[in-house]
Structures are given as structure tokens and as C-alpha cells.
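Chains, contacts and geometry: an overview
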Amino acid sequence: LSLCISTQTGNFGIAAGAEGNRYYNEIQALVCFSKTLGNNINAGIGIEYVRLHQANDYGSCFLVVPYAGIILFPERKFYLSAVVFNPANQNFRENNIYRPAARNMAAGFGYRLGTETLICAEIVGFQEEKPIYRAGAEYYVSPAVIFRAGISFTYYAEPSVGIGIKSGAPSVVTTGLL
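All figures in this text were calculated on a predicted structure; none of them were measured in a lab.

1. Topic: the pattern of salt bridges
Going through the model one piece at a time under the given rule, you end up with three salt bridges. The salt bridge involving Glu138 is made with Arg112; its shortest N-O contact spans 4.0 Å. Linking Glu138 in strand 11 (residues 132-142) with Arg112 in strand 9 (residues 104-113), this pair joins segments that are 26 residues apart in sequence. For Glu138, a relative accessible area of 12% puts it in the buried group. For Arg134, the salt bridge identified is with Glu122, shortest N-O distance 3.0 Å. Of this pair, Arg134 sits in strand 11 while Glu122 sits in strand 10 (residues 117-126), and the two are twelve residues apart along the sequence. You can call Arg134 partly exposed: its relative accessible area is 37%.

Below, the structure is given as C-alpha cells:
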């Protein structure tokens, strides 16, 4: 679930998510800020909290890390993006014991087909792990309603769909996965 608020100084966002079962689950929460820098560049920074819970004696651990991203618009309908997560290679913390956490980077592109449709793709690389490949599309059903669908591949395919709703001034967008 996410919420973004656009203002004259920039865009503020918060998001939270959870997945897993009683034996293993992850909770993530983040806050972020982005800003347009000229006509062809958007940049953002954020802080993310990640908690892993494991069954029995394995325990739980947490991590608070920064990330940063940039989007370049070499032309009006095309964009390139890059994101780095955990650039300082921080570790998960559990009762004053530190466990390695992956540093990752992502790169992607998007292309707008007309005014209603966007297609995009991304590759996410983790330290010493197989990369994740993602592809997606969004379609503006109306100026206020956005339909999103995507698929992610690592070892198996993970589809996702969501709906975004824009409202008010300043602009607020909320998104929920179905």
C-alpha cells in the first residue's frame, strides 16, 4: 500500500507491505522524497525499514537503510531509471548480532504509448544472487484511475495487478495491489 503527495517543493511518499506466512515473513515500510531537477531529470531519496521474522529459534532481525534513485527523460515519451538500495552495505541486526544484507541496484526503462499507456521493464541485481527481471504496464482508465499490471521473474513468475487513484490538489495517489 502506498501514498504519494505532490507539492510545489517535491513529492512525498510513504509505503508499507508485508508478505509471507507464520514460519517466515517480511515487513517493509518506507518514507521518501523526490524532486524534479530541470526538464529532463527526477531524483529521489528514501529510508526503508525491513523486518524479517523466522520460525522457532531462528529469530527476527531488522534493517534501516537509505536508497536513492534517478530518472532521466532523454525525450518526452521515453525514460531511463537507476536505483541503489543499501549503498553502504549495512547488515541486519538481531540482538546485537549483525547478519549480511544484500546491496542491490536496479536499472530500467519506460516508454509511453500515447497519453494513456506506459510500458516498462527493469532488472534488479543483488550481491551474489540471481537477478530479478520485471516488466509491466499502466493504463489510465480515466484522469483519476490508473490500472497497473506486471510480472517478475527470478526462479518463477510472480504476477501482480493494482489500481491507483489520483485525487485533489495537491495531487494524491494511492495504490493497492489486488
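2. Things to note about a nonpolar patch on the surface
Judged by side-chain polarity, Ile14, Val31, Ile47, Tyr49, Phe62 and Val64 come together as a nonpolar surface patch covering roughly 510 Å² of accessible area. Put simply, the parts of the chain that give the nonpolar patch at least two residues each are strand 4 (41-54) and strand 5 (60-75). Looking at where Phe62 falls in the secondary structure, it is placed in strand 5.

3. As for the nonpolar core
Counting eight residues, the largest nonpolar core consists of Val50, Leu52, Cys61, Leu63, Val65, Tyr67, Phe85 and Phe92. Of the residues forming this core, the biggest block, four residues, is contributed by strand 5. Sequence-distant contacts of Leu52, that is, excluding residues within four places in its chain, are made with Tyr24, Asn25, Glu26, Gly59, Ser60, Cys61 and Phe92.

What counts and how
- Residues numbered from 1 in each chain as written.
- Predicted model: local features only at pLDDT ≥ 70, side-chain atom pairs only at ≥ 80, totals over all residues.
- Heavy atoms only, no water.
- Salt bridge = Lys/Arg side-chain N within 4 Å of Asp/Glu carboxyl O.
- Helix = DSSP H or I, 4+ residues; strand = E, 2+ residues; numbered from the N terminus.
- Buried < 20%, exposed > 50% of the residue type's maximum accessible area, 1.4 Å probe, protein only.
- Patch = residues over 30% accessible without salt bridge, like charges linked within 9 Å, V, L, I, M, F, W, Y side chains within 5 Å.
- Areas by Shrake-Rupley, 256 points an atom, 1.4 Å probe, with all protein chains shown as cover.
- Core = buried A, V, L, I, M, F, W, Y, C linked by side-chain atoms within 4.5 Å.
- Contact = heavy atoms within 4.5 Å.

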